[in-house]
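Structural overview
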Amino acid sequence: MIRRISAAAGLAPVLGPYSQAVVANGFVFTTGQVPFGADGSAPEDFEDQVARCLENLVSVLAAAGSGLQHVVKVNAYLTSPEQREPFNRVYARYFTDDLPARTTVCVSIWEIALEIECVAVVPEVVA
């Protein structure tokens, strides 16, 4: 069974033909989360933007029945090599134990500083 999530609580509405996440075969695959809140605003400070992206992931994962503790892979897209250290500082506050695999690359993104996506396990609920 495949379940699509398109309106997770606390996130800005989807602006294109995609889902915020797809749950399939016990995994949740998120779209890239950008540093915008539900009201469309983004923090000025880069570290606050990283935190906003990760909080958006928390919301999407919760809507899928998962959480950061179940993340197995993270892909992070930064726009400058100088962002690596501040990114890692914030990232380490969210992922402290049992670290997921991660790929971090620098790319040009449409007028945003970063984007983060992940794959997580959706734990089975035992009734």
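Note that the structure is predicted; figures quoted are calculated from it, not measured.

**A short note on the sheet that holds strand S4 (residues 71–78)**
Read from one edge of the open sheet, six strands run S1-S2-S3-S6-S4-S5, paired in mixed fashion. In the strand order of this sheet, the two ends are held by strand S1 (2–5) and strand S5 (101–106), each with one partner. In this sheet, adjacent strand axes meet at a mean angle of 10° when their direction is disregarded. With seven bridges joining them, S4 and strand S6 (residues 114–121) adopt antiparallel strand pairing. Residue pairing across strands places Val71 opposite Ala120, the latter belonging to S6.

**Considerations on the packing of helix H1 (residues 46–63) against helix H2 (residues 84–94)**
Between H1 and H2, the least distance of the axes is 9 Å, while the angle of their chain directions is 40°. Considering how the two elements wind past one another, H1 and H2 form a crossing that is right-handed. Contacts between H1 and H2 pair Phe46, Glu47, Val50, Ala51, Leu54 and Glu55 from the former with Pro86, Phe87, Arg89, Val90, Tyr91, Arg93 and Tyr94 from the latter. For the contact of H1 with H2, the per-class residue count stands at nine nonpolar, no polar and four charged.

**Here we look at the pattern of salt bridges**
On inspection of all chains with the given rule, the structure shows two salt bridges. One salt bridge in this structure joins Glu85 and Arg84, with 3.6 Å as the shortest N-O distance. Taking relative accessible area as the criterion, Glu85 reaches 43% and is therefore assigned partly exposed. Residue Arg84 is classed as partly exposed on the basis of its relative accessible area of 49%.

What counts and what doesn't
- Residues numbered from 1 in each chain as written.
- Predicted model: local features only at pLDDT ≥ 70, side-chain atom pairs only at ≥ 80, totals over all residues.
- Heavy atoms only, no water.
- Pairing = 2+ DSSP bridges.
- Helix = DSSP H or I, 4+ residues; strand = E, 2+ residues; numbered from the N terminus.
- Axes fitted to C-alpha atoms, helices over the stretch in contact; angles between N-to-C directions.
- Left-handed = near helix turned anticlockwise from the far one by under 90°.
- Contact = heavy atoms within 4.5 Å.
- Nonpolar A, V, L, I, M, F, W, Y, C, P; charged D, E, K, R; others polar.
- Salt bridge = Lys/Arg side-chain N within 4 Å of Asp/Glu carboxyl O.
- Buried < 20%, exposed > 50% of the residue type's maximum accessible area, 1.4 Å probe, protein only.

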